[in-house]
Amino acid sequence: MTALPILDRLAEDRKRGVPTVSFELFPPRDDAAAIGLGRTLDRLTETDPAFFSVTFGAGGSTRERSLTVLEYVLAHTGVRPVAHLTVVGSSAEEASARVRGFLAAGITDFLALRGDQPAAGPVPEGDFGGAVELVALIRRIGDETGATPTIGVACFPNGHPHHGSRWQDVDVLLAKQEAGAAFAVTQVFFHPEDYLEYVERARAAGVRIPILPGFAPITRARQLHRLAELSDLEAPAGLAAALAAAGSPEASAAVGEDFTVALATAVLRGGAPSAHYFTFNQHGPALRVHERVRAELG
């Protein structure tokens, strides 16, 4: 079964009046994790998602494992696989080879990212200043090879940590669109107005591509604080306190899922076209949140 192209799926779901759903996964670290990921893919596929995106380790450190997961998705799930691509520390030659390799494997959907520095330490800057150049590169290689890649990008409703102001990211998103980006996925945010105000500002600036909100089903206090740290955001005090006060892992998960359900429901009611869930390779929380959001929306 061939899944609809991402933009076509978004348009079809909009006509039907239902939000699109998609999920982010990361490559397994070992054989045991691979078995667990297989079960997660099976369960998530039952929701008929528009796509699975698969992360690409800092500096391309998980390239082969990422490709293995993407090929499995392509061959066995009927869901479109989206390859994360990062260019921090990459030469133009290396990045071109990666793009061509994914295209040769039948992977034609990408999430183009600058990427984080590897945990082992900083790497040379490479030939890319940011994701805009990677978008242009993928588009150029697509033209050369006769492929028709669909390119997504990241965006930051509360501003990128390296930008001078919250709204500078809107200008960067506009540049990504002009380079060939077809859709965007947001970084984590904690308040509905973060997304809704960002989209309003982006539309006023000329951004036309779909902006898909990203949600992380939070299940414990440590996870919340790590997400806030990575996003350079302040964790909601009430949520942090409730998670810390939960008397069991089950109670903590319930608190976090309640928060995520309320956030996603508010954003979707505000006009968002979809819900993209960062799963951390755990299908349980993502599925519970997804099912509850669908029920809330009727």
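Since we're looking at a predicted model, the values are computed, not measured.

Cut-offs used in this document
Residues numbered from 1 in each chain as written. Predicted model: local features only at pLDDT ≥ 70, side-chain atom pairs only at ≥ 80, totals over all residues. Heavy atoms only, no water. Helix = DSSP H or I, 4+ residues; strand = E, 2+ residues; numbered from the N terminus. Contact = heavy atoms within 4.5 Å. Expected span 1.5 Å × (residues − 1). Buried < 20%, exposed > 50% of the residue type's maximum accessible area, 1.4 Å probe, protein only. Pairing = 2+ DSSP bridges. Axes fitted to C-alpha atoms, helices over the stretch in contact; angles between N-to-C directions. Salt bridge = Lys/Arg side-chain N within 4 Å of Asp/Glu carboxyl O.

## A few points about the side chain of S22
Turning to step 1, where the next piece is worked out: Locating S22 in the fold gives a position in strand β1 (residues 20-25).
Turning to step 2, where the next piece is worked out: Discounting residues that sit within four places of it in the chain, S22 has contacts with P49, F51, A275, H276 and Y277.

## Things to note about helix α6 (residues 168-179)
Turning to step 1, where the next piece is worked out: Helix length check: α6 (twelve residues) gives 17 Å between terminal C-alpha atoms against 16 Å at 1.5 Å per residue, within 8%.
Turning to step 2, where the next piece is worked out: Burial in α6 covers these residues: D169, V170, L173, L174, K176, Q177 and A179.
Turning to step 3, where the next piece is worked out: Looking at the buried positions of α6, the neighbouring elements they touch are α5 (131-145), β5 (150-155), β6 (183-186), α7 (192-205) and β7 (211-212).
Turning to step 4, where the next piece is worked out: Just beyond α6, the residue with positive phi is G180, at close to 130°.

## A few points about the sheet that holds β6
Turning to step 1, where the next piece is worked out: Strand order across the open sheet formed by nine strands is β7-β6-β5-β4-β3-β2-β1-β9-β8, with parallel pairing between neighbours. Lying at the two open borders of the sheet, with one neighbouring strand each, are β7 and β8 (214-215).
Turning to step 2, where the next piece is worked out: Bridging between β6 and β7 involves two bridges; their strand directions are parallel. Bridging from a neighbouring strand, A184 pairs with I211 of β7.
Turning to step 3, where the next piece is worked out: Here helix α1 (residues 6-16) sits on the sheet and contacts β1, β2 (51-54), β3 (80-86), β4 (109-113), β6, β7 and β9 (274-278); the angle it forms with β1, its principal contact strand, is near 140°.
Turning to step 4, where the next piece is worked out: Contacts from α6 reach β5, β6 and β7 within the one sheet, and its direction differs from that of β5 by about 175°.

## So, the pattern of salt bridges
When charged atoms on two side chains of opposite charge get close, those side chains can pair.
Turning to step 1, where the next piece is worked out: Within this structure, the stated rule accounts for ten salt bridges.
Turning to step 2, where the next piece is worked out: The salt bridge partner of D13 is R16, with a shortest N-O separation of 2.7 Å. Pair noted here: D13 and R16 are both in helix α1, with a separation of three residues, about one helical turn.
Turning to step 3, where the next piece is worked out: What makes R16 exposed here is its relative accessible area of 52%.
Turning to step 4, where the next piece is worked out: The partner of R292 in a salt bridge is D258, and the shortest N-O contact between them spans 2.9 Å. With R292 in helix α11 (residues 283-297) and D258 in helix α10 (residues 249-269), the pair connects residues that are 34 residues apart, well separated along the chain.
Turning to step 5, where the next piece is worked out: R292 sits in the partly exposed class, given a relative accessible area of 35%.
Turning to step 6, where the next piece is worked out: Assessed through its relative accessible area of 40%, D258 is described here as partly exposed.
Turning to step 7, where the next piece is worked out: Each of R9, D13, R16 and D48 takes part in one network of salt bridges that share partners.

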